[in-house]
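Here's the letter readout for the chains.
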Amino acid sequence: MDVSKYAAIFLAESREHLSSCNHLLLKWERDPAGTEAVGGLFRSIHTIKGMAATMGFTGVAELAHRMESLLDALRQARLTADEATFQLLFRAVDALGQGVEQAAAGREPPLDLALAAALEAATGGTPLSAPVFEPGEAEPPRRRATDGPRGRSVQVVIRPDAVMRGARAILAVRRAEVLGLVSAVRPSLVQLEREEFDGRLGFRIESRATEEELSAAIRTAGEVQHVRFEEAAPVDVDGGAARHRQIRVDLRRLDRLMKQVGELVVAKNRLGVLATAGDDPSLAEVSDRIARLVSGMQAEVIASRMTPVGEVFERFPRLVRDLARDLGKRIRFDVEGEEIELDRSILDEIGDPLLHLIRNAADHGIEAPDIRVRAGKPPEGRILLAATRERNSVTLRVSDDGRGIDRAAIAAKARREGATDVVTAPGESESVTDDVLLRVLARPGFSTAEEVSGVSGRGVGVDVAMTRVRQLGGTIEIRSEMGKGTTFLIRVPLTLAIVRALLADAGGERYAVPLAYVAETVEFDPRAVTALRSREALVVRDQVIPTVHLRDLVGSRGPAAPARRPTVILEVGERRTALVVDALVGQQDIVVAPFDAPRGMPPYVGGATILADGAPALVLDAAALL
Amino acid sequence: MSHTVLVCDDAIFMRTMISDILTQAGFEVVGEAESGSQAVEKYHALKPDLVTMDIVMPDMGGIEAVREICKTDPDAKILMCSAMGQQALVVEAIQAGAKDFVVKPFQPSRVLEAVQRVLG
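Residues numbered from 1 in each chain as written. Chains lettered and ligands numbered in written order. Predicted model: local features only at pLDDT ≥ 70, side-chain atom pairs only at ≥ 80, totals over all residues. Heavy atoms only, no water.

## Some details on the overall build of chain B
As a reminder of what qualifies: Put simply, DSSP H or I for four residues or longer makes a helix, DSSP E for two residues or longer makes a strand, and each gets a number counted from the N terminus. Each residue's exposure class comes from its accessible area (1.4 Å probe, protein chains only) as a fraction of the maximum for that residue type: buried when under 20%, exposed when over 50%, partly exposed otherwise. Every accessible area reported is derived by Shrake-Rupley at a probe size of 1.4 Å, with residue values counting cover from the shown protein chains alone.
Looking only at helices and strands, chain B features five helices and five strands. Mapped in sequence order, the helices and strands of chain B form the string β-α-β-α-β-α-β-α-β-α. Looking at the 120 residues of chain B, the share that counts as buried comes to 52%. Roughly 5,300 Å² of accessible area belongs to chain B as shown, and the carbon and sulfur atoms make up 54% of that amount.

As structure tokens, then:
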């Protein structure tokens, strides 16, 4: 049978299991007495083993089998896990991950014999004694004399190599139904039908039949590897009903759907314009209806792409643990707001920037235990990764309670490197603001040239993180206090594809400004103009805000600017800029198309879009205007 | 006495293959049908011990044929023959009364195992 077409599903599911393995290992390592984690590990590894064997990836299956044996011994408390065991299991999970990736790519590596031997040695050379899923070796059913029907919960395992295991499981349920009343089938019949099924079926049965009779009946469904009985636990009433049904969807399909909806939004806007211009009331009515339907659809599509940030977060505890171990530091890593959701495409991109910032925090932020103790801090440092939702954006915070950044050293180094654009006079260095600090750190290659005490390597990755976040339409801020720690704040939009934008006119051209960054609009008052560090600024309610004239920015040679001009106050984090435009034309949902910038495209352009009347417009990158 | 079988499939290739597998294993193929309605008709005429039933067939599909047959004979021993990816249809056939299924491409051993299970 050709199984190659299952490679993608195999890979996706294996990755999920491996990720949960890492998670469970960490949890278990923190609480070695707990039994939950080892059970979960055993099941995940077992599932991978079954899948790999089905795919014909014998090396991967063999490695999984050895891990399973060790885990089984640990699970049954025949062995106790010590530090060496955890190290070995971490190593094995890594190797299994590599094996899975390479096998799915058609280059299955040979079994790592040293690792296999180490696993076997740790298991004590005993063969896997719990044939939970071993073919043909069902444990003998217990016979009990019974009078009336008894409730029992039944676990059925369908052979991993069976085809259409879901249908096979349904057949098993049908066979059991001949002998009694079946309820609480898990997974649900719908899930089974969709093959959302790892081969383990559970249900409850009220029956007078003996366990032998039940087992024999269920086995006539075929491909049954194992049948096990337990006295029925109280029925899990809400467990089933409340559980959401889910299906797996290829992300590319959602991307295409999103794109289509984006186009639909543009068409809807265009229809709206035509309907308003015409005088046909039924056209206006249809247009309204379509507008509502498209809005609802847009919301649903966006919602379907939302993924909890926890999916990206979960790889970091392991990273920090390994880093701490390598660096000889003690670091506690906490995560908050894992349930906050972001568009999948943003989430996929945000992992790398976070990785850089977390690595920096562990490497350069947190001090060695002895230094911390001398500084009057607890020996164990702390890194916090937290997500919070704000209106239409999500803030991701990476903070450490380490040494903080030495501003004077940074300023001195920046001066030595000739970065006069960011730091001007020696006297100013002591009061380097957080903004300036970030600009220095984000200079490509900064601090890689030579050592700077206390900040060596701090800039590595910041420029990478900054570039990536900016590409997502997001912003980065830094807050650092000497001796107390450093915090990076990343702000990203909830979703990329469709944004609400303010349309502004300058010199006869229209420009779109994403509403997420618009704090307010005011009228430009020439009397309120002042100067801030030799730049033009505007006083708005006692606050001095630097101004940018859009006409000047785009080098417009259009008709003269009107006397009364609106001003858009842009706000990113705590920074503000007043953007002076010729006129405001309204608001619109726009679909931002990525802009393959031709040579010389100015940095303030974040993309392009087609407006409702069919005309193209540039989308301004608010962060670049600050 | 050997068991009698009615083989239903619209493709001659599949009918031939299934007949060969079963005949070699000592079964007696007493009839063949190339549509659902023919299957129902021949089932009543031949009263076979076992029916192998393709799912997708012209004029009356396999699932409907199962339903028709089970209306008068709920204990009819019908084995569905499905292609990969037809899980939803297989489930529907099971709900309709089919007793087991095999998935194409057929492995003779699997077909015979299923036949044995259905015949009990």
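## Remarks on the overall build of chain A
In plain terms, the rule: By the convention used here, residues are in contact when the closest approach between their heavy atoms is within 4.5 Å.
Looking only at helices and strands, chain A features 20 helices and 22 strands. Buried residues in chain A amount to 47% of all 626 residues. Long-range pairs, those at least 24 residues apart, make up 69% of the contacts in chain A with a sequence separation of at least 6. About 30,500 Å² of surface is accessible on chain A, with carbon and sulfur atoms providing 52% of the total.

## Quick word on a nonpolar patch on the surface
Residues and elements named next belong to chain A. As a reminder of what qualifies: To count toward a patch, a residue needs a relative accessible area over 30% and no salt bridge; like charges are then connected within 9 Å, while nonpolar side chains (Val, Leu, Ile, Met, Phe, Trp, Tyr) are connected within 5 Å. Should a side-chain nitrogen of Lys or Arg be within 4 Å of a carboxyl oxygen of Asp or Glu, the pair is scored as a salt bridge.
Judged by side-chain polarity, Leu532, Val539 and Val544 come together as a nonpolar surface patch covering roughly 190 Å² of accessible area. Inspection of the secondary structure assignment puts Val544 in strand S17 (residues 543-549). A relative accessible area of 37% places Val544 in the partly exposed class.

## As for the packing of helix H13 (residues 316-327) of chain A against helix H14 (residues 344-365) of chain A
Residues and elements named next belong to chain A. Here is the rule: Lines fitted to the C-alpha atoms define the axes, with helices restricted to the stretch that makes contact. Angles between their N-to-C directions range from 0 to 180 degrees. Put simply, angles under 35 degrees are roughly parallel, angles over 145 are roughly antiparallel, angles from 65 to 115 are roughly perpendicular, and the rest are oblique. Handedness of each helix crossing follows the sense of rotation of the near helix against the far helix: counterclockwise by less than a right angle gives left-handed, clockwise gives right-handed. The nonpolar class holds Ala, Val, Leu, Ile, Met, Phe, Trp, Tyr, Cys and Pro. Asp, Glu, Lys and Arg form the charged class, and all remaining residues, Gly among them, are polar.
Across the interface, H13 lies against H14 with an axial gap of 10 Å and an inter-helix angle of 30 degrees. Considering the angle they form, H13 stands roughly parallel to H14. Viewed along their axes, H13 and H14 form a crossing whose handedness is right-handed. Contacts from Phe316, Leu319, Val320, Leu323 and Leu327 of H13 reach H14 at Gly351, Leu354, Leu355, Ile358, Arg359, Ala362 and Asp363. Of the residues that constitute the contact of H13 with H14, the class distribution is nine nonpolar, one polar and two charged.

## Comments concerning helix H3 (residues 62-72) of chain B
All names here are of chain B. Selection rule: It is the directions from the helix axis to the C-beta atoms whose arc is reported.
Looking at H3, one finds that the buried residues are Gly62, Ile63, Ala65, Val66, Ile69 and Cys70. Viewed end-on, H3 has its buried residues packed into an arc of 155 degrees, placing them on one side of the element. Facing away from the buried side of H3, by more than 90 degrees, are the exposed residues Lys71 and Thr72. Buried-residue contacts for H3 involve helix H2 (36-46), strand S3 (50-54), strand S4 (78-82) and helix H4 (87-96).

## Here's the deal with unusual backbone geometry
Between Arg186(A) and the following residue, Pro187(A), the backbone shows a cis peptide bond with an omega angle of -5 degrees. Checked against the element boundaries, Pro187(A) lands in the loop between strand S2 (180-186) and helix H7 (189-193). In this model, Glu223(A) sits at a positive phi of 60 degrees, which is unusual for a non-glycine residue. By the secondary structure assignment, Glu223(A) is in the loop between helix H8 (211-219) and strand S4 (224-231). Positive phi is not limited to glycine here, since Lys47(B) has a value of about 45 degrees. Within the secondary structure layout, Lys47(B) lies in the loop between H2 and S3. Given the relative accessible area of 55%, Lys47(B) is considered exposed.

## Concerning the packing of aromatic side chains
All names here are of chain A. Counted only if it meets this: In summary, the pairing rule links any two rings of Phe, Tyr or Trp, Trp by its six-membered ring, whose centres are within 6.5 Å, and it sorts them by plane angle into stacked for under 30 degrees, edge-to-face for over 60 and tilted for everything else. Put simply, a charge is over a ring when the Lys NZ or the Arg CZ is close to the ring centre, within 6 Å, and near the line of the ring normal, within 35 degrees.
Evaluation of the coordinates by the stated rule reveals two aromatic pairs over all chains. Measuring from ring centre to ring centre gives 5.1 Å for Trp28 and Phe86, while their planes differ by 85 degrees; the resulting arrangement is edge-to-face. Note that Trp28 is positioned in helix H1 (residues 7-30) and Phe86 in helix H4 (residues 83-104), a separation of 58 residues in sequence. Taking the relative accessible area as the measure of exposure, Trp28 reaches 3% and is therefore buried. Residue Phe86 is classed as buried on the basis of its relative accessible area of 3%. We note Arg75 situated over the ring of Phe42; from NZ or CZ to the ring centre the distance is 3.8 Å.

## Re the pattern of salt bridges
When the charged atoms of two side chains lie near each other, side chains of opposite charge can form a pair. Residues and elements named next belong to chain A. Inspection of every chain in the model, using the stated rule, returns 41 salt bridges over all chains. Here Arg204 and Glu206 are joined by a salt bridge, their closest N and O atoms 2.7 Å apart. Relative accessible area serves as the criterion here: at 17%, Arg204 is assigned to the buried category. The exposure class of Glu206 is partly exposed, given its relative accessible area of 26%. For Asp348, the salt bridge goes to Arg344, with nearest N and O atoms at 2.9 Å.

## Side note on the side chain of Gln588(A)
Assignment of secondary structure puts Gln588(A) in strand S20 (residues 583-591). Once you skip the residues sitting within four places of it in the chain, Gln588(A) turns out to touch Asn269(A), Val499(A), Arg500(A), Ala501(A), Leu503(A), Leu611(A) and Ala612(A).

## Thoughts on empty space enclosed by the protein
Residues and elements named next belong to chain A. The condition that has to hold: Here a cavity denotes a set of grid points, spaced 1 Å apart and computed over the protein atoms alone, in which a 1.4 Å probe fits but from which it cannot get out, and a pocket denotes an open set meeting protein on both sides within 12 Å along at least five of seven lines; residues with an atom within 4 Å of a point are reported as lining. Grid points are joined across faces, edges and corners, and a volume is the space filled by probe spheres set on the points.
Inspection of the entire model under this criterion finds one cavity of 30 Å³ or more. The space that makes up the largest cavity amounts to roughly 30 Å³. His549, Arg551, Arg565, Val580, Val581 and Asp582 together form the lining of the largest cavity.

## Thoughts on the interface of chain B and chain A
Stated precisely, the cut-off is as follows: Put simply, buried area is the surface a 1.4 Å probe can reach on two separate parts but cannot reach once they are joined, added for both. Pairs of N or O atoms within 3.5 Å make up the polar contacts considered here, provided that, within protein, one atom can donate a hydrogen while the other can accept it, and that residues adjacent in sequence are counted only when both atoms are side-chain atoms.
Across the boundary between the two partners, chain B contributes 18 residues, which contact 23 residues of chain A. A combined buried area of about 1,600 Å² lies between chain B and chain A, and 57% of that area is made up of carbon and sulfur atoms. Its largest share of buried area at the contact with chain A, chain B owes to Met84(B), Gln87(B) and Arg110(B), together 36% of the area lost on that side. The salt bridge partner of Arg110(B) is Glu223(A), with a shortest N-O separation of 3.5 Å. Taken together, the links from chain B to chain A amount to five residue pairs in polar contact (both at pLDDT 80 or more). For the side of chain B that touches chain A, the elements supplying multiple residues, two or more each, are H4, strand S5 (100-103) and helix H5 (108-119) of chain B. It is H4(B) that provides the largest number of residues to the side of chain B that touches chain A, a total of six residues. Residues of the side of chain B that touches chain A, tallied by class, amount to nine nonpolar, five polar and four charged.

## Some remarks on the nonpolar core
Keep this limit in mind: Here, nonpolar core refers to any group of buried Ala, Val, Leu, Ile, Met, Phe, Trp, Tyr and Cys residues whose side-chain atoms link them within 4.5 Å.
Grouped together as the largest cluster of nonpolar side chains are 54 residues, with contacts concentrated most on Leu201(A), Phe203(A), Ile218(A), Met53(B), Ile78(B), Met80(B) and Phe101(B). Per-element accounting of this core gives the leading share, seven residues, to helix H6 (residues 165-177) of chain A. Ignoring sequence-local partners within four residues, the contact set of Met53(B) consists of Cys8(B), Ala39(B), Gly62(B), Ala65(B), Val66(B), Ile69(B), Ile78(B), Leu79(B), Met80(B) and Cys81(B).

## Re the confidence of the model for chain A
Residues and elements named next belong to chain A. Rules: On a range of 0 to 100, pLDDT expresses the predictor's confidence in each residue.
Taken over all residues, the pLDDT of chain A has a mean of 79, while the share at 70 or more is 84%. Predicted confidence for residues 126-147 stays below pLDDT 50, and this span has 43 contacts to residues more than four positions away or in other chains. Here residues 448-458 scores under 50 on pLDDT; set against residues more than four positions off or in separate chains, the count is 27 contacts.

## Observations concerning the sheet that holds S17(A)
Residues and elements named next belong to chain A. Inclusion rule: Only when DSSP finds a minimum of two bridges between them are two strands counted as paired.
Strand order in the open sheet formed by six strands is S14-S18-S19-S17-S16-S15, with mixed pairing between adjacent strands. Two strands in the sheet have a free side with no partner beyond their single neighbour: strand S14 (518-523) and strand S15 (529-532). Within this sheet the neighbouring strands show an average axis-to-axis angle of 40 degrees, counted without direction. Strand direction decides the pairing type here: S17 and strand S19 (residues 575-580), joined by three bridges, are parallel. Within the sheet, the bridge partner assigned to Val548 lies in S19 and is Leu579.

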